[in-house]
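# Close look at the chain arrangement
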Amino acid sequence: MSILIKNGNVVLDDKIKQCDLLIKDEKIIKIDENIVSEADTVIDAKDKFVLPGGVDVHTHMNLDLGEYISVDDFYTGTIAAAHGGTTTIVDHIGALDRGSSLKSMISHYHDLANGKAVIDYSFHGALYELNDNLLNEISDLYDEGIVSVKIYTTYSGKLDDGEMLRVLKKAKETGTVVCVHCENDKAIEQLRNEAIREGNLEPVFHAKTRPQETEAEAINRLIYLSEMADYPKLYIVHTSSKKGLDEIKFARKRGVKNLYCETCTQYLTLDETKYIEGGNEEAIKYIMAPPLRKKEDIEALWQGIKDGDVDVIATDHCPFNYKKDKLPHKDNFINCPGGAPGVEERLEVVITEGLKRDISLVKIVKLLSTNPSKIFGMYPHKGEIKIGADADLVVLEQDNYTIKEENRHSNCDYTSYENYVSAVKVDVVIARGKVIVNNDLLLGEKGRGKFVPRKF
């Protein structure tokens, strides 16, 4: 199978160049001006951008919370991802029963994804408790191509400081990336209890009981723990606030190494007015952790992107249906499942917002594709247009169109970006040398996505 892409504005590592791309047997084999070659498929990309396929390293497909399960599985979720120009995901796995091994959790997720995913995928290991056996399994996972593990400072599966230090020390030995959800659990518990006693249960109090100080404190604490462990690879997920980002910036200035910062589309576009405008019925859609912040936090994160302080833009795609799962909690946020859809909107929304701020498409692509591939062991096969890389590509039209729930492809019954006008639109998506989306038509077969074993 061969594909020739002609006349595109191709986003390379350091520039945008008008040129052609030749693809054969799942790989990019030639990048040049005016390639003359026979091909099974020829795509004219004149006046369009050609990007490396998006790499979203923070999704939650099939996440089982007990009472609620995220409504996208590895089929519907990767269909949505594909339509949005994402060709690889790395999923944060959920927990099984207490006492479950890391191997059993990963095996369960292989069963969930194999034969279903439309695009390529991998998993982060996850530790919801700690013992010697689980700690030693980090090495086993690494050898199997799962080179990252997730821990939490909040929720029922949180680890205490001593346990997190043990994980960080083990990760230093193996080279594993430690991803951390950073919020101060006890402070949030206290603020939520106060809200309950005072009857402050409207969705806006979800944000008020998880202020940005809870994020910043936990980020600060994890950074110092990483120093004690001699700087393993520490990856802060979904950074949402100026104070949280400042902790990362301060740490780097004082010499902290191997520290990575992720933010997400929602923290770059949506603010806390979503918890007020439209009443409780609308506000309950945006229950997520961390919560949406202020407009100044949004601009601080964009400045962090400009300055190179933010490394990755992901989604934390974790959708629950509005009518069935969220709306019943509109007057009491406490038991509302936390999470929102977003895997389909990321490329279009982030590129639109970035271009508004005069951030180059080359820089934006690094945060959407190249950096996550490098940080999590998928480079040079993923994340960049270069000879020998997997032919994961997106052709983008420069065309204003309006995002609506009715033109989404997730199982979720709402989009967080309803009526958002995007300046670009995904036209063609190629994954490992096959066109899987063409003008909004899904061509990728169920189960064609492969597990990606990762390494450094």
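What counts and how
The numbers attached to residues start from 1 for each chain and follow its sequence in the written order. Predicted model: local features are reported for residues with pLDDT of at least 70 only, side-chain atom pairs are reported and counted for 80 or more only, and whole-chain, interface and lining totals are derived from all residues. With hydrogens and water excluded, all non-hydrogen atoms of the structure serve as input to the side-chain values. Aromatic pairs are defined between Phe, Tyr and Trp rings, using the six-membered ring for Trp, whenever the two ring centres lie within 6.5 Å; interplanar angles under 30 degrees are classed as stacked, those over 60 as edge-to-face, and all others as tilted. Numbering of helices and strands runs from the N terminus; a helix is a DSSP stretch of H or I covering at least four residues, while a strand is a stretch of E covering at least two. Between buried and exposed lies partly exposed: a residue is buried under 20% and exposed over 50% of the maximum accessible area for its type, with that area taken using a 1.4 Å probe on protein chains only. For a Lys NZ or an Arg CZ to count as sitting over a ring, it must be within 6 Å of the ring centre and within 35 degrees of the ring normal. By nonpolar core is meant a set of buried Ala, Val, Leu, Ile, Met, Phe, Trp, Tyr and Cys residues that side-chain atoms within 4.5 Å join together. We call two residues in contact when some of their heavy atoms are within 4.5 Å. Each reported salt bridge corresponds to a side-chain nitrogen of Lys or Arg within 4 Å of a carboxyl oxygen of Asp or Glu. By definition here, a helix of n residues has an expected span of 1.5 Å times n minus one. Throughout, the arc means the angular range of directions from the helix axis out to the C-beta atoms. Throughout this description, a polar contact denotes any pair of N or O atoms lying within 3.5 Å of each other; where both atoms belong to protein, one of them has to be capable of donating a hydrogen while the other can accept it, and for residues adjacent in sequence the pair is counted only when both atoms sit in side chains. Two strands qualify as a pair provided DSSP detects at least 2 bridges between them. Here the axes come from fitting lines to C-alpha atoms, over the contacting stretch only for helices, and the angles between their N-to-C directions go from 0 to 180 degrees. UniProt positions are given in the numbering used here, feature names are shortened, and annotations may be inferred rather than shown by experiment. Should an angle fall under 35 degrees it is taken as roughly parallel, and over 145 as roughly antiparallel, whereas 65 to 115 is taken as roughly perpendicular and any remaining angle as oblique. Note on convention: the crossing is left-handed when the near helix lies turned anticlockwise from the far helix by less than a right angle, right-handed when the turn is clockwise. Amino acids are sorted into nonpolar (Ala, Val, Leu, Ile, Met, Phe, Trp, Tyr, Cys and Pro), charged (Asp, Glu, Lys and Arg) and polar (every other residue, Gly among them).

### Re the packing of aromatic side chains
By convention here, two paired aromatic rings are described through the distance between centres and the angle between planes. The full count for this structure, using the stated rule, is 12 aromatic pairs. Seen in terms of ring centroids, Tyr-109 and Phe-123 are 5.9 Å apart; in terms of plane orientation they differ by 70 degrees. Their pairing is edge-to-face. Placement of the pair is Tyr-109 in helix H2 (residues 102-113) and Phe-123 in strand E8 (residues 120-126), with a sequence separation of 14 residues. The same class applies to Tyr-109 as to Phe-123, namely buried. By way of ring pairs, the aromatic residues Phe-74, Tyr-109, Tyr-121, Phe-123 and Phe-451 are connected into one cluster. Lys-233 extends its terminal NZ or CZ atom over the ring of Phe-456, reaching a point 3.5 Å from the ring centre.

### Remarks on the nonpolar core
One recurring pattern in soluble globular proteins is that nonpolar side chains are buried together. Core analysis: the biggest nonpolar cluster contains 114 residues, and Leu-51, Leu-127 and Val-167 have the highest contact counts within it. Ignoring anything within four residues of it in the chain, the contact list for Val-167 reads Leu-127, Leu-130, Leu-135, Ile-138, Val-149, Ile-151, Leu-159 and Val-178. Membership of the second largest hydrophobic core comes to 18 residues, among which are Cys-19, Ile-43, Ala-45 and Ile-430.

### Comments concerning the pattern of salt bridges
A complete count under the given rule lists 35 salt bridges for this structure. The salt bridge involving Glu-344 is made with Arg-408; its shortest N-O contact spans 3.8 Å. Here the residue Glu-344 occupies a position in the loop between helix H12 (322-326) and helix H13 (346-356), and Arg-408 occupies one in the loop between strand E14 (393-403) and strand E15 (420-431), the gap between them amounting to 64 residues. The buried category is assigned to Arg-408, whose relative accessible area is 13%. A single network of salt bridges, built from pairs that share partners, joins Glu-26, Lys-27, Asp-120, Lys-382, Asp-390, Asp-392 and Arg-432.

### What to know about helix H5 (residues 185-197)
Compared with the 18 Å implied by 1.5 Å per residue over 13 residues, the 18 Å span of H5 between its first and last C-alpha is a close match. Residues of H5 that are buried include every one of Asp-185, Ile-188, Arg-192 and Ala-195, and no others. Relative to the axis of H5, the buried residues are bounded by an arc of 90 degrees and lie together on one face. Of the exposed residues in H5, the ones pointing more than 90 degrees away from its buried face are Lys-186 and Arg-197. The inward-facing, buried residues of H5 abut helix H7 (212-228). The opening residue of H5, the one whose side-chain oxygen lies 3.3 Å from the backbone nitrogen of Lys-186, is Asn-184.

### Overview of the sheet that holds strand E7 (residues 86-92)
The sheet built from eight strands is open, its strands ordered E6-E7-E8-E9-E10-E11-E12-E13 with parallel pairing. For this open sheet the edge positions go to strand E6 (54-59) and strand E13 (312-314), each flanked by a neighbour on one side alone. For this sheet, the mean inter-axis angle between neighbouring strands, taken without regard to orientation, is 30 degrees. Pairing analysis gives five bridges linking E7 to E8, with the strands arranged parallel. If you follow His-92 over to E8, its bridge partner there is His-124.

### Thoughts on the UniProt feature "domain: Amidohydrolase-related" (unreviewed entry) in the chain
The UniProt feature table records "domain: Amidohydrolase-related" (unreviewed entry) at residues 49-435. In this annotation, residues 49-435 is assigned 38% helix and 19% strand; the end-to-end C-alpha distance for the span is 16 Å.

### Points about the environment of Thr-209
By the element assignment, Thr-209 lies in the loop between helix H6 (204-208) and H7. Overall, the relative accessible area of 3% leaves Thr-209 in the buried class. Residues Thr-209 and Thr-239, spaced 30 residues apart in sequence, show a C-alpha to C-alpha distance of 17 Å. Separated by 2.7 Å, the side chain of Thr-209 and the backbone oxygen of Phe-205 make a polar contact. Separated by 3.2 Å, the side chain of Thr-209 and the backbone oxygen of His-206 make a polar contact.

### Points about the environment of Glu-26
Relative to the assigned elements, Glu-26 resides in the loop between strand E2 (16-24) and strand E3 (27-32). In this structure the C-alpha to C-alpha distance between Glu-26 and Gly-388, which are 362 residues apart in sequence, comes to 9.3 Å. Beyond its immediate stretch of four places on either side in the chain, Glu-26 contacts Ala-389, Asp-390, Ala-391, Arg-432, Gly-433 and Lys-450. Side-chain polar atoms of Glu-26 contact the side chain of Arg-432, separated by 3.1 Å.

### Quick word on helix H1 (residues 76-83)
Judged by how many residues are buried, H1 sits mostly within the fold: eight of eight residues are covered. Among all positions in H1, only Thr-76, Gly-77, Thr-78, Ile-79, Ala-80, Ala-81, Ala-82 and His-83 are buried. Buried residues belonging to H1 abut E7, E15, strand E16 (434-438) and strand E17 (441-442). With its phi angle positive at about 85 degrees, Gly-85 sits one or two positions after the end of H1.

### Here's the deal with the environment of Arg-166
With respect to the element layout, Arg-166 can be found in helix H4 (residues 161-174). Sequence spacing of Arg-166 and Ala-229 is 63 residues, and the spatial spacing of their C-alpha atoms is 8.2 Å. If near-sequence neighbours (up to four positions away) are discounted, Arg-166 is found in contact with Leu-130, Asp-132 and Leu-135.

### Considering the packing of H4 against H7
A packed helix pair is summarised by two numbers, namely the angle formed by the two axes and the spacing between the axes. Across the interface, H4 lies against H7 with an axial gap of 9 Å and an inter-helix angle of 50 degrees. Considered as vectors, H4 and H7 are oriented oblique to each other. Crossing hand, H4 versus H7: right-handed. On the side of H4, the interface is formed by Asp-161, Met-164, Leu-165, Leu-168 and Lys-169, while H7 contributes Arg-221, Leu-222, Leu-225, Ser-226 and Met-228. Split by residue class, the contact of H4 with H7 holds six nonpolar, one polar and three charged.

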